[in-house]
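The chain contents come next:
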Amino acid sequence: MLDQTLSAGGLDVLCPMHVAIDAQGRIKHVGPTVSKLAQGHSMIGDRFCNAFDLIRPSGVRDVADLLSYSGRSLQLRMRDRHQTRLKGVVVPQGDGALINMSFGFSLVDAVGHYALTSADFAATDLTIEMLYLVEAKSAAMDESRALNSRLQGAKIAAEEQAFTDTLTGLKNRRALDHVMGRLIAMRELFSCMHVDLDYFKSINDTLGHAAGDHVLQVVAQVLVSETRAQDTIARVGGDEFVILVHGMDDPETLNAIARRIIDKLEDPIPFEGHFCRISGSAGTSCSSSYAAPEADTILHHADVALYASKNAGRGRHTLFSDALLRLDTTQPTGDRGAAHPEADFTRF
Amino acid sequence: MHGLINRAIQCFLRDTYGDDVWDKIMQQADLGYSSFESMLIYEESVTFRVLELAAQALRKSPDDLLEDLGTYLVSHDNVEALRRLLRFGGVDFVEFLHSLNDLPDRARLAVPDLFLPELTLEEPNEGEFRLRCAAHYPGFGHVMVGVIRAMADDYGALAFTDYVGADAEDEVISIMLLQEDFAAGRSFELAQKAG
């Protein structure tokens, strides 16, 4: 027959987290790791139930009671400031009992709280492998999270780009439709100001596209500086811009905004030794003029008002009114953007 | 090649030689991107092309560059997580060397699609080791020389590590352990520092 006696030293190696108790429930011996958990206090002679709180099974009164759960899983808690949860199993030993324990899911915290090292675990214990896995998995998770956030950033940038006119950084036609649709759906008040540059085409024709591009960028800066952050500015064609003035339908204010923009557009724009001179015409329609506003109608009416400005001699602003529809608006502005006799580029 | 390996090469080159050097290498490599993602998989040829360009740019032999990469992986603060994972391999340097047999499996446990070449440690005489690295990625042995040298320092062991050579199947590294507790080494707590 196998010799079943095991020296206390042997038990300490195999089960460094065991506690031996006598028939009265007093601690006779603890494994080296348990004595480390006691942090300087010797548990020998203490009552087991004063050092450890038995959570499950509950209502255990004495050692005989405890031993009736022999071989089954126990849930315990250290009665110390960390209240570390432990798993355990109890077997009879002599006239007392032997309880072997492990940390279970409290492991990561316990290793920190009690400054445990590899030497505190049995060589066959999977604790070190588990700690390795916890760290390896969280490092891998960090990398995945970093990838996800970079992809998220790239997605936002791509979307941003798709709504942006790359030359001027303003919104594009797609973005304008999107914003208008949203404003209408939310029944928000806004005015739609259509701005068309005058004499722009002659700049492209005489000074080339680089000059034209530069002028468009300066125009974009003007539009941004003369509107509020909450307004929407889009470049919707070569030299056509639409401004959605949010929450505004006061004719005087709209006239003033348009006036300021046109005045600024008339400032000569230096480009490679030349001054580029342009102007702008504008027309505005207000969402408040319609019982059921529709984006197409609002844009069309702003366009009608713009043509009225062009017809009246450019460099001006017109608010849409139904009267304009009765005028013939199709005829005189076929040369929109064409060279104006007064367009001039002064060498400086 | 797993992105983690490419990312390791990127971090090494950036942290050691600066962003400009890295950007120039990636421009020359002409891959259409300037940075590797650690959780994506890349063509193996990409990795070798970047290493070749890096060696040229830095006027270093590819072998030296790979060994420096291995040293970096263990000793640089930015990749402390990796050092910790390696230290879990054993409480002392000899135990660590033996844990190298399990390294590919350990790696796969953390990242299932991360493949590392098979490693086999032999101890012909006490204190005398030979590590055979399956010749899957040429030059991987040089990385391991750097890793082992840096880990010996980390444990405070005095050891001579050398690249012996390569045949069709393996790259062979010899490790002579002179003194296990030569210096204090760097500390290793099981518990991770907060933050």
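Residues numbered from 1 in each chain as written. Chains lettered and ligands numbered in written order. Predicted model: local features only at pLDDT ≥ 70, side-chain atom pairs only at ≥ 80, totals over all residues. Heavy atoms only, no water.

Trainee: Got a minute to help me understand the overall build of chain A in this structure?
Mentor: For chain A, the count of helices and strands is 12 helices and 14 strands. Evaluated residue by residue, chain A yields a buried proportion of 43% over its 348 residues. Relative to all contacts within chain A whose residues are 6 or more apart in sequence, the contacts with residues 24 or more apart total 58%. Accessible area for chain A stands at about 18,200 Å²; split by element, carbon and sulfur atoms hold 53% of it. (Helix = DSSP H or I, 4+ residues; strand = E, 2+ residues; numbered from the N terminus. Buried < 20%, exposed > 50% of the residue type's maximum accessible area, 1.4 Å probe, protein only. Contact = heavy atoms within 4.5 Å. Areas by Shrake-Rupley, 256 points an atom, 1.4 Å probe, with all protein chains shown as cover.)

Trainee: Would you explain the packing of helix α1 (residues 3–17) of chain B against helix α4 (residues 62–75) of chain B in this entry?
Mentor: Residues and elements named next belong to chain B. Across the interface, α1 lies against α4 with an axial gap of 10 Å and an inter-helix angle of 90°. By the angle class used here, α1 and α4 are roughly perpendicular. Of the residues in α4, those touching α1 at Ala 8, Ile 9, Cys 11, Phe 12, Leu 13, Asp 15, Thr 16 and Tyr 17 are Leu 65, Asp 68, Leu 69, Tyr 72 and Leu 73. When grouped by side-chain class, the residues that make up the contact of α1 with α4 number 10 nonpolar, 1 polar and 2 charged. (Axes fitted to C-alpha atoms, helices over the stretch in contact; angles between N-to-C directions. Parallel < 35°, antiparallel > 145°, perpendicular 65-115°, else oblique. Nonpolar A, V, L, I, M, F, W, Y, C, P; charged D, E, K, R; others polar.)

Trainee: Would you mind showing me how to read the confidence of the model for chain A here?
Mentor: When pLDDT is averaged along chain A, the result is 88, and 93% of the positions lie at 70 or above. Here residues 330–348 of chain A is modelled with pLDDT under 50, and outside its nearest four sequence neighbours on either side it reaches 40 contacts, counting other chains as well. (pLDDT = per-residue confidence, 0-100.)

Trainee: I'm lost on the layout of surface pockets in this one. Help?
Mentor: Empty space among the atoms becomes apparent when a probe as large as a water molecule is rolled across them. The computed volume of the second largest pocket comes to approximately 520 Å³. In this structure, the second largest pocket is lined by 22 residues; those nearest its centre are Ser 118 and Ile 128 of chain A together with Gly 90, Val 91 and Glu 95 of chain B. Where the lining of the second largest pocket is concerned, the elements lending two or more residues are α6 (127–162) of chain A together with α6 (93–99) of chain B. Its residues assigned to classes, the lining of the second largest pocket comprises 10 nonpolar, 6 polar and 6 charged. (1 Å grid on protein atoms, 1.4 Å probe; cavity = no way out; pocket = protein on both sides within 12 Å on 5 of 7 lines; lining within 4 Å. Points joined across faces, edges and corners; volume = space filled by probe spheres on them.)

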